[in-house]
Amino acid sequence: MKRVVVTGMGIVSPVGCGIEYAWKNILAGNSGIRKIDLFDVSQFASQIAGVPVRGTGDGEFNPDAIIEPREQRKMDKNIIYGLVAADEAMRDAGLIDYDGDKERFGVSIGSGVGGLESIASIALDLDKNGPRFVSPFFVTKSIINMTAGYASIRYGLQGPNISVATACATGSHSIAEAAQFIKNGNADIMLCGGTEGAVTPVGLAGFAAMRALSTRNDEPQSASRPWDKSRDGFVLSEGAGMLVLEDYDHAVARGAKIYAEVAGYGLSADAYHITAPAPNGIGGARAMKIALQDAGVKPSDVDYINAHGTSTGLGDVGEMIAVCEMFGGGNTCMSSTKSMTGHLLGAAGAIEAIFSILAIRDNIVPPTINLEDPIDEVGDFDLVPNKPQKRNVDIVLSNSFGFGGTNASIVFKRVK
């Protein structure tokens, strides 16, 4: 079976756009959570979110540099986020003008909720003005597979083209499924990841109605606090993370830069509840165990875990129990970069995969910020509180767990 490596990455996130800029902020422990100014939030219980900062400065979100404004009007913002991150990943991989076999170059890009902003906008137009005023671009702005579709058209990629929609596990599933296409010989290269644009009135109201969101509105940068006893829910965020995966031999032959290897993949279902995790995190534990087996590594081999770590009551406890049972007593540490980015839903796993890979590249583990009073289940497990740690990082496990009880774990390792 073929080996799969990462040769390009791109990111649009609340902590910055561009992998080096975002990574610098992550290692500095800088939060990207702010008071929402996209719409009036005065009647909302939760009034904070993580949104990419628009502008033309370093690390700011500037879609006009990538997509013509008149074309953007045909797209939902989740598509725009995805295409901007994809452009960086393709350039990073040296593939922006690829002239190889594009029938062997595919796309696997998903979203948790897709064009939520466009759906809500059109519903209001329909109610106010009637069906004659519905945009002909409504469907293509709204459906989840359109980021993959636009990306394949933009770069002429004619290989496998799929979109995964598994809630908060979407980004991880999209990457891992892309790796499977390469491992099985169906593609040489895959552009993959997740994108989300859910910071909208409908998105904010929906998650708030579930009592899932933090209401620490006066302290937005302290609101996302995984494993802290004072946590009160996750912070809704948006953006995109994209990776270029490649057959190892193909990458070596063209002299590509190689970040890491996608070594293992585990997926499972809780079969328990639509939003609450299975007791003691046993569903997520099963995904982790399968991923390690697939990678041929033991729990003691794992240097760092990038946790799902959303800052919710049940989710944090379940993952913590599962990790302590599987990895406790070893040299493994774990942190949640969601403490800085918030929860990007379908884009979360892809963005966290990027941070996991950069941890391998730089031999440094990002922190969990806002961790002041850890929950009892933590024990003496190292959650990298508030400051990054320099340490040897050869193998990383990245976790993503989604509504509906869907779980994904990916193992990345250094290529030696």
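To start, this report covers the structure provided alongside it. (Residues numbered from 1 in each chain as written. Predicted model: local features only at pLDDT ≥ 70, side-chain atom pairs only at ≥ 80, totals over all residues. Heavy atoms only, no water.)

### Focus: the overall build of the chain
To keep it simple, the criterion reads: Under the scheme used here, helices are H or I runs from DSSP no shorter than 4 residues and strands are E runs no shorter than 2 residues, and both carry numbers assigned from the N terminus. Relative accessibility decides the category of a residue: with a 1.4 Å probe and only protein chains considered, values under 20% of the type maximum give buried, values over 50% give exposed, and everything between is partly exposed. Should any heavy atoms of two residues lie within 4.5 Å, those residues are considered in contact. Accessibility throughout is a Shrake-Rupley quantity obtained with a 1.4 Å probe, and a residue counts as covered only by protein chains that appear here.
The number of helices and strands found in the chain is 13 helices and 15 strands. Taken along its principal axes, the extent of the C-alpha atoms in the chain is 65 × 55 × 40 Å. Across the 416 residues that make up the chain, the buried fraction comes to 59%. For the chain, long-range pairs separated by at least 24 residues make up 78% of all intrachain contacts whose partners lie at least 6 apart in sequence. Taken as a whole, the chain presents about 15900 Å² of accessible surface, with 51% of it coming from carbon and sulfur.

### Section: the pattern of salt bridges
Quick reminder of the rule: Every case where a carboxyl oxygen of Asp or Glu lies within 4 Å of a side-chain nitrogen of Lys or Arg is listed as a salt bridge.
This model, assessed by the stated rule, comprises 22 salt bridges. With a closest N to O distance of 3.6 Å, Glu71 and Arg70 form a salt bridge.

### Remarks on helix H4 (residues 116–129)
In plain terms, the rule: The span expected for a helix works out to 1.5 Å for each residue beyond the first. Working definition: the arc comes from the directions between the helix axis and the C-beta atoms, pointing outward to the latter.
With 14 residues, H4 should reach 20 Å at 1.5 Å per residue; the first-to-last C-alpha distance of 20 Å fits that figure. Taken as a whole, H4 has its buried residues at Leu116, Ser118 and Ile122. Each buried residue of H4 sits inside an arc of 160 degrees when the element is viewed along its axis, so together they form one side. Among the exposed residues of H4, those oriented more than 90 degrees off its buried face are Leu124, Asp127 and Lys128. In this fold, the buried residues of H4 make contact with helix H5 (138–142) and helix H8 (201–209). Positive backbone phi, at 95 degrees, marks Gly130, one or two positions downstream of H4.

### Brief notes about the packing of helix H1 (residues 19–27) against helix H13 (residues 348–362)
We count it as follows: An axis is simply a line fitted to the C-alpha atoms; with a helix, the fit covers only the stretch in contact. Between two such axes, the angle follows the N-to-C directions and lies from 0 to 180 degrees. Roughly parallel refers to an angle under 35 degrees, roughly antiparallel to one over 145, roughly perpendicular to one between 65 and 115, and oblique to any angle outside these ranges. Charged residues are taken to be Asp, Glu, Lys and Arg, nonpolar residues to be Ala, Val, Leu, Ile, Met, Phe, Trp, Tyr, Cys and Pro, and polar residues to be all remaining types, Gly included.
The geometry of H1 relative to H13 is characterised by a closest axis approach of 11 Å and an angle of 80 degrees between their N-to-C directions. Judged by the angle between their axes, H1 and H13 are roughly perpendicular. For the pair H1 and H13, contact is made by Ile19, Glu20, Ala22, Trp23 and Ile26 and by Ile354, Phe355, Leu358, Ala359, Arg361 and Asp362, respectively. The residue makeup of the contact of H1 with H13, split by class, is 8 nonpolar, no polar and 3 charged.

### Some thoughts on the layout of surface pockets
Basically, it comes down to this: A cavity, in this analysis, means grid points on a 1 Å lattice covering only the protein atoms where a 1.4 Å probe fits yet has no way out; a pocket is instead an open set bounded by protein on both sides within 12 Å along at least five of seven lines, and a residue lines either one if it has an atom within 4 Å of a point. Grid points are joined across faces, edges and corners, and a volume is the space filled by probe spheres set on the points.
Approximately 600 Å³ is the volume found for the largest pocket. In this structure, the largest pocket is lined by 35 residues; those nearest its centre are Thr275, Pro277, Thr312, Gly315 and Phe403. Broken down by secondary-structure element, the contributors of at least two residues to the lining of the largest pocket are helix H11 (313–327) and strand E14 (395–402). Residue contributions to the lining of the largest pocket peak at 6 residues, all from H11.

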